[in-house]
Amino acid sequence: MIHPMLNIAIQASRAASRAILRFIDQPDKIEVSEKDSNDFVTQVDKLSESIIIEEIQKSYPHHAILSEESDLINSRNTEYCWIIDPIDGTRNFIHGVPHFCISIAVMKKNVLELG
């Protein structure tokens, strides 16, 4: 039996992937900004992240969420924390190289539960 949180992570990544795939063949529509030297973010990263967070919060509204593009959400809850990289491999994504992924993990009391 699959862990219920893994089901939510899969649902969230599938929903976000639909948004990401709308842009993969349209690199001219991807807005890129540089967060730091050689560290990029796109509006697609932010869109993917918001979809993932929304999906997680539907089922687990009180869990903490740490995401690459946002601040820590619900930081007072220390039992569960979801860790998100909405597009792991943004540089590849920007250049149309199909080697990137969505990364989602869950920690319980600072111990990795699933990812």
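The structure under discussion appears in the preceding block.
In what follows, the accompanying structure is described. (Residues numbered from 1 in each chain as written. Predicted model: local features only at pLDDT ≥ 70, side-chain atom pairs only at ≥ 80, totals over all residues. Heavy atoms only, no water.)

1. Points about the overall build of the chain
Each helix and strand in the chain was counted, giving three helices and six strands. Along the chain direction, N to C, the helices and strands of the chain fall in the order α-β-β-α-β-β-α-β-β. The globule rule puts the C-alpha radius of gyration for 115 residues at 13 Å, and the 14 Å found for the chain is close to it. Projecting the C-alpha coordinates of the chain onto the three principal axes gives extents of approximately 40 × 30 × 20 Å. When the 115 residues of the chain are sorted by exposure, 37% land in the buried category. Here the chain has roughly 6,900 Å² of accessible surface; of this, 50% comes from carbon and sulfur atoms. (Helix = DSSP H or I, 4+ residues; strand = E, 2+ residues; numbered from the N terminus. Rg over C-alpha atoms; globule rule 2.2 N^0.38 Å. Buried < 20%, exposed > 50% of the residue type's maximum accessible area, 1.4 Å probe, protein only. Areas by Shrake-Rupley, 256 points an atom, 1.4 Å probe, with all protein chains shown as cover.)

2. Looking at the side chain of T90
Structurally, T90 is set in helix 3 (residues 90-94). In terms of polar contacts, T90 uses its side chain to reach the backbone carbonyl oxygen of I87, at 3.0 Å. (Polar contact = N/O pair within 3.5 Å; in protein donor to acceptor, adjacent residues only side chain to side chain.)

3. Re the pattern of salt bridges
Under the defined criterion, the tally for this structure stands at one salt bridge. The salt bridge involving E55 is made with K58; its shortest N-O contact spans 3.1 Å. Of this pair, E55 and K58 are both found in helix 2 (residues 43-59), three residues apart, which corresponds to roughly one turn of the helix. On the basis of relative accessible area, E55 is assigned to the buried category, the value being 17%. Note on K58: relative accessible area 56%, which makes it exposed. (Salt bridge = Lys/Arg side-chain N within 4 Å of Asp/Glu carboxyl O.)

4. Describing the pairing of strand 5 (residues 101-108)
Bridge count between strand 4 (residues 80-88) and strand 5: seven bridges; the pairing is antiparallel. Counted as the bridge partner of D88 is C101 from strand 5. As paired elements, strand 5 and strand 6 (residues 111-114) share three bridges and run antiparallel to each other. Along strand 6, the bridge assignment pairs V106 with L114. (Pairing = 2+ DSSP bridges.)

5. Thoughts on the nonpolar core
Within the largest apolar cluster, 19 residues are counted, with the highest numbers of intra-cluster contacts made by M5, I52, I56 and W82. Those elements that provide at least two residues to this core are helix 1 (4-24), helix 2, strand 4 and strand 5. At seven residues, helix 1 tops the list of elements feeding residues into this core. The residues touching M5, leaving out its near neighbours within four places in the chain, are Y60, H63, Y80, W82, V106 and L114. Ranked by size, the runner-up nonpolar core spans seven residues in total, among them I24, I30, V44 and F93. (Core = buried A, V, L, I, M, F, W, Y, C linked by side-chain atoms within 4.5 Å. Contact = heavy atoms within 4.5 Å.)

6. Side note on helix 2
With 17 residues, helix 2 should reach 24 Å at 1.5 Å per residue; the first-to-last C-alpha distance of 25 Å fits that figure. By the burial criterion, the buried members of helix 2 are V44, D45, S48, E49, I51, I52, I53, E55 and I56. Its side-chain oxygen placed 3.1 Å from the backbone nitrogen of V44, T42 serves as the N-cap of helix 2. (Expected span 1.5 Å × (residues − 1).)

7. Comments concerning the sheet that holds strand 6
Reading across from one edge, 3-4-5-6 is the order of the four strands in this open sheet, with mixed pairing throughout. At either end of the open sheet lies a strand with only one pairing partner, and these are strand 3 (64-67) and strand 6. Mean inter-strand twist for the sheet, computed between neighbouring axes without regard to direction, equals 30°. Looking at chain direction, strand 3 and strand 4 are connected through four bridges and run parallel. (Axes fitted to C-alpha atoms, helices over the stretch in contact; angles between N-to-C directions.)

These results come straight from atomic positions and should not be treated as a statement about function.
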